[in-house]
Amino acid sequence: LGFGILFSILTTALVYTNKYFGHKGEITSEHFNTAGRMVKTGLTASVIVSQWTWAATLLQSSNVAWAYGVSGPFWYASGATIQVLLFGVLAINLKKVA
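*Asks:* Just checking my understanding: could you explain the overall build of the protein for this structure?
*Replies:* On a plain count of helices and strands, the protein comes out with five helices and zero strands. Secondary structure elements in the protein, listed N-terminal to C-terminal, are α-α-α-α-α. The C-alpha atoms of the protein give 21 Å as radius of gyration, which overshoots the globular expectation for 98 residues (13 Å, by more than 25%). In terms of overall dimensions, the protein has a C-alpha envelope of 60 × 40 × 15 Å along the principal axes. A total of 98 residues make up the protein; the buried ones form 9% of that total. With the model as given, the accessible surface of the protein reaches about 8400 Å², and the carbon-plus-sulfur share is 72%.

See below:
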């Protein structure tokens with residue numbers, strides 16, 4: 001509870017400081033949620049991969065490596081790579097259109 005109040009006060013102070021010194025006008029919620037549509041392709045791809053690779057994936061790939069050797073994690077990851085690539089291309093194209 002204490003850290004929540006501290007960070008709320010800090011965030012409020014930063015917002016008012018930005019409003020006073022920023023000189024960028026009013027930032028809408030649409031601008032905030034989409035980061036001003038300035039996120040580049042590399043960051044989009046890294047977010048997709050980092051969200052795809054979570055603890056269970058790492059543990060399972062280790063189990064597959066133990067069971068099938070060095071090529072096990074490669075074949076384990078290759079099954080999901082196509083979906084990640086397709087989603088990445090789709091997300092980038094949607095970002096350009098929207």
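And the narrative resumes.
*Asks:* Got a minute to help me understand the packing of helix 4 (residues 55-68) against helix 5 (residues 71-97) in this structure?
*Replies:* Between two packed helices, both the angle of their axes relative to each other and the distance between the axes serve to describe the pair. Running from amino to carboxyl end, helix 4 crosses helix 5 at an angle of 135°, the nearest separation of the two axes being 7 Å. Considered as vectors, helix 4 and helix 5 are oriented oblique to each other. As for how helix 4 packs across helix 5, the hand of that crossing is right-handed. Residues Thr57, Gln60, Ser61, Val64, Ala65 and Tyr68 of helix 4 lie in contact with helix 5, whose contacting residues are Ser71, Gly72, Pro73 and Tyr76. Considering only residue class, the contact of helix 4 with helix 5 consists of five nonpolar, five polar and no charged.

*Asks:* Please explain the packing of helix 3 (residues 41-52) against helix 5 as it appears in this structure.
*Replies:* Close contact between helix 3 and helix 5 brings their axes to 10 Å; oriented N to C, the two are set at 145°. Relative to helix 5, helix 3 is oriented so that their crossing is right-handed. Residue-level contacts link Thr41, Thr44, Ile48 and Trp52 of helix 3 to Ala77, Ala80, Val84, Phe87, Gly88 and Ile92 of helix 5. Here the contact of helix 3 with helix 5 is built from residues that sort into seven nonpolar, three polar and no charged.

*Asks:* Looking at this model, I keep getting lost on the packing of aromatic side chains. Mind explaining?
*Replies:* What describes a pair of aromatic rings is the distance from one ring centre to the other and the angle between the planes of the rings. Counting across every chain of the model gives three aromatic pairs. Ring geometry for Phe74 against Trp75: centres 4.9 Å apart, planes inclined by 75°, an arrangement best described as edge-to-face. Trp75 matches Phe74 in its accessibility class, with the two residues each being exposed.

*Asks:* Whenever I open this one, the side chain of Ser61 confuses me. Can you help?
*Replies:* For Ser61, the location among the structural elements is in helix 4. Every residue in contact with Ser61, bar those within four places of it in the chain, is listed here: Pro73 and Tyr76.

*Asks:* Mind showing me how you'd approach helix 5 here?
*Replies:* An α-helical turn contains 3.6 residues, so a residue and the one three or four places further along point in the same direction. Taking 1.5 Å of rise per residue, the 27 residues of helix 5 would be expected to cover 39 Å, and the 39 Å separating its terminal C-alpha atoms lies within 8% of that figure. In helix 5, a bend of some 35° at Ala80 exceeds every other bend along the element. For helix 5, the set of buried residues is Gly72, Val84, Gly88 and Ile92. On the buried face of helix 5, the contacting elements are helix 3 and helix 4.

How each quantity is defined
Residues numbered from 1 in each chain as written. Predicted model: local features only at pLDDT ≥ 70, side-chain atom pairs only at ≥ 80, totals over all residues. Heavy atoms only, no water. Helix = DSSP H or I, 4+ residues; strand = E, 2+ residues; numbered from the N terminus. Rg over C-alpha atoms; globule rule 2.2 N^0.38 Å. Buried < 20%, exposed > 50% of the residue type's maximum accessible area, 1.4 Å probe, protein only. Areas by Shrake-Rupley, 256 points an atom, 1.4 Å probe, with all protein chains shown as cover. Axes fitted to C-alpha atoms, helices over the stretch in contact; angles between N-to-C directions. Parallel < 35°, antiparallel > 145°, perpendicular 65-115°, else oblique. Left-handed = near helix turned anticlockwise from the far one by under 90°. Contact = heavy atoms within 4.5 Å. Nonpolar A, V, L, I, M, F, W, Y, C, P; charged D, E, K, R; others polar. Phe/Tyr/Trp six-rings, centres within 6.5 Å; stacked < 30°, edge-to-face > 60°. Expected span 1.5 Å × (residues − 1). Bend = angle between axes of the 7 residues up to and from the residue.

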